[in-house]
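A structural walkthrough
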Amino acid sequence: MKVCQTEGCTEEAKLQCPTCLKLGMDNFFCNQDCFKKSWNNHKQVHKKAQAEQQTVQKTNSNPWPSYKYTGSLRAVYPLSDKRVVPSHINRPDYADHPTGYPAGERESKQARFMKILNDEEIEAMRVVGRISREILDEAAAATAVGVTSDELDRIVHEATVERESYPSPLNYYNFPKSCCVSVNECICHGIPDQRPLQDGDIVNLDITAYHRGFHADLNETLFVGNVDDESKKLVRVAHECLYKSIDMVKPGEKYREVGNTIQKHAASNGCSVVRTYCGHGINELFHTSPTVPHYSKNKAVGLMKPGHTFTIEPMISAGMALASKFYNLATTFCRS
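Residues numbered from 1 in each chain as written. Predicted model: local features only at pLDDT ≥ 70, side-chain atom pairs only at ≥ 80, totals over all residues. Heavy atoms only, no water.

1. What about the overall build of the protein?
Selection rule: Strands are runs of DSSP state E lasting at least two residues, helices are runs of H or I lasting at least four, and both sets are numbered from the N terminus onward. Three labels apply to residues, based on accessible area from a 1.4 Å probe with only protein chains included: buried if under 20% of the type maximum, exposed if over 50%, partly exposed otherwise in between. Reported accessibility uses the Shrake-Rupley method at a 1.4 Å probe radius. Residues are deemed covered only where the shown protein chains occlude them. Here the positive residues are Lys and Arg and the negative ones are Asp and Glu; neither His nor the chain ends is included. In plain terms, the charge of a residue is placed at NZ if it is Lys, CZ if Arg, CG if Asp and CD if Glu.
When you go through the protein residue by residue, the secondary structure sums to eight helices and 11 strands. Its C-alpha atoms give the protein principal-axis dimensions of roughly 90 × 45 × 35 Å. Classification of the 336 residues of the protein by burial places 48% in the buried group. When the accessible surface of the protein is split by element, carbon and sulfur atoms take 52% of a total near 17,700 Å². Between the centroid of the 40 positive side chains of the protein and the centroid of its 40 negative side chains there is a distance of 7 Å.

Okay, here's the thing in structure tokens:
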């Protein structure tokens, strides 16, 4: 038996509040008189419930409802709260900026300056490179069916902070997470969310750490469970593209030749190169000169010189690209 919600009334209740019914609440009254008597207090229940529902709806809603996906992958909300980096850890200029604006990068790009690192600076790059590899290995070891990309982000964040480093992606142009996790047709820069990894996924972990004033950027594509042959071929071809391009790195080589090597190998295996994103210089700045396109007949300027530090990050699609849309198995594979 349901009891009337009016304070002090113990009569059996069969009349349900219509607003409560719409809100999915289970409140009943014995008659109209009791309902009217308790209205001033009862309407506060409506306001509280409506506010809670609006909060949940806002938190769980898709911020890009009109986005046209190219495959079956969907983001799963809500995103977890932004993770905190202890104040004593050295951080890049954008870390605490309200819009994540990297002022140093913008100044460098305007100057088109390719910095030549000295021996001490190169050693600092080696140190942060080793740290970033250790962080990536911890996340890779946890990558499995049922694990969410948000959980991988937590592992990356904690491993980075444990090494007295700052996770470079965090707040970069307001990026909300400490690493990028890109699954299946997501080419790169995937935002970690609540989607559990599924059997057959390929997942790219993109890690950058900032340690004692220098960044190191590296990533790797992993198989989750039982992966089909087409996906395995795609990752193999991307891996081969990377190492063929690394083999040609030497003083005096043109940066534009990297793309010629990558596209030639990708095309010979029935794959295509993503043209939207490029490799880049990296040192005290997360992204800086030179620009390193991965496709042929590009117009990249400059010659490789001793002391240059840069990434090569071939992003390869299964099949051939059509306009700005890519087939579902696009991924990235790079070890810097």
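From this point, things continue past the structure.
2. Here we look at the pairing of strand β9 (residues 288–292)
For clarity, the cut-off: For two strands to be treated as a pair, DSSP must find at least two bridges joining them.
Of all five residues in β9, four are buried; the element is thus mostly enclosed. By the bridge criterion, three bridges tie strand β8 (residues 279–281) to β9 in an arrangement that is antiparallel. Bridge pairing links His280 to Thr291 in β9. In textbook terms, the turn of a hairpin is the stretch between consecutive antiparallel strands, and for β8 and β9 this stretch comprises six residues.

3. Re the packing of helix α5 (residues 119–142) against helix α6 (residues 149–162)
Basically, it comes down to this: For every element, the axis is a line fit to its C-alpha atoms; helices are fit only across the contacting stretch, and the angle between N-to-C directions ranges from 0 to 180 degrees. Angular relationships are summarised with four words: roughly parallel below 35 degrees, roughly antiparallel beyond 145, roughly perpendicular across 65 to 115, and oblique for the angles in between. Each crossing gets its hand from how the near helix is turned against the far one by less than a right angle, where anticlockwise is left-handed and clockwise is right-handed. Between two residues, a contact is recorded if the distance between any of their heavy atoms is within 4.5 Å.
It is at 9 Å that the axes of α5 and α6 come closest, and there the two elements cross at 150°. Here α6 runs roughly antiparallel to α5, going by the angle between their axes. For the pair α5 and α6, the crossing hand works out as right-handed. Of the residues in α6, those touching α5 at Ile135, Glu138, Ala139 and Ala142 are Leu152, Ile155, Val156, Ala159 and Thr160.

4. What about unusual backbone geometry?
For the bond from Tyr77 to Pro78, the omega torsion is 5°, close enough to zero to count as cis. In this structure, Pro78 sits in the loop between α3 (39–60) and α4 (103–111). A cis amide bond links Ser289 with the next residue in sequence, Pro290, at an omega value of 5°.

5. Quick look at α6
Using the following cut-off: Each helix should span, by expectation, one fewer than its residue count multiplied by 1.5 Å.
The terminal C-alpha atoms of α6, which comprises 14 residues, lie 20 Å apart, in line with the 20 Å expected from a rise of 1.5 Å per residue. The buried count for α6 comes to 10 of 14 residues, which makes it a mostly enclosed element. Every buried residue belonging to α6 is among Ser149, Asp150, Leu152, Asp153, Ile155, Val156, His157, Ala159, Thr160 and Val161, and all of these are buried. Residues of α6 that are buried in the fold lie against α5, β3 (166–167), β4 (180–183) and β5 (202–211). Positive phi shows up at Glu164, right after α6, with a value of about 55°.

6. Some details on the pattern of salt bridges
Applicable threshold: Salt bridge, as applied in this entry: a Lys or Arg side-chain nitrogen positioned within 4 Å of an Asp or Glu carboxyl oxygen.
Applying the stated criterion across every chain yields a total of 17 salt bridges. For Lys115, the salt bridge identified is with Glu284, shortest N-O distance 2.6 Å. With Lys115 in the loop between α4 and α5 and Glu284 in the loop between β8 and β9, this residue pair connects regions lying 169 residues apart in the sequence. Classification of Glu284 by relative accessible area gives partly exposed; the value is 27%. The partner of Arg133 in a salt bridge is Glu220, and the shortest N-O contact between them spans 2.6 Å. Remark: Glu220 occurs in strand β6 (residues 214–223) and Arg133 occurs in helix α5; sequence separation between them is 87 residues. For Arg133, a relative accessible area of 23% translates into the label partly exposed. Glu220 sits in the buried class, given a relative accessible area of 11%. Salt bridges sharing partners connect three or more residues here, namely Arg83, Asp150, Asp153 and Lys177.

7. A word on the side chain of Ser289
Position of Ser289 relative to the elements: it lies in strand β9. Residue classification places Ser289 among the buried residues on the basis of a relative accessible area of 17%. When neighbours within four sequence positions are excluded, Ser289 is seen to be in contact with Arg112, Phe113, Met114 and Gly281.

8. Overview of the packing of aromatic side chains
Quick reminder of the rule: Aromatic rings from Phe, Tyr and Trp, taking only the six-membered ring of Trp, are treated as a pair when their centres fall within 6.5 Å; an angle between ring planes under 30 degrees marks them as stacked, one over 60 as edge-to-face, and anything in between as tilted.
Within this structure, the stated rule accounts for six aromatic pairs. Considering the side-chain rings of Phe29 and Phe35, the 5.0 Å spacing of their centres and the 65° angle between planes classify their relative orientation as edge-to-face. Phe35 carries the same exposure label as Phe29, and that label is buried. Consider the rings of Tyr94 and Tyr172, whose centres lie 5.0 Å apart with planes at 75°: the pair is edge-to-face. Pair noted here: Tyr94 is in the loop between α3 and α4 and Tyr172 is in the loop between β3 and β4, with a separation of 78 residues, a long-range link. Of the residues examined, Tyr172 reaches a relative accessible area of 14% and is grouped as buried. These aromatic residues form a ring-pair network of at least three members: Tyr94, Tyr172, Tyr173 and Phe286.

9. Describing the environment of Ala266
Tracing the backbone shows Ala266 in helix α8 (residues 256–268). It is 8.7 Å that separates the C-alpha atoms of Ala266 and Ser317, two residues lying 51 residues apart in sequence. Dropping the residues within four chain positions of it, Ala266 is found in contact with Val237, Cys241, Cys271, Val273 and Ile316.

These figures come from the coordinates and say nothing about function on their own.
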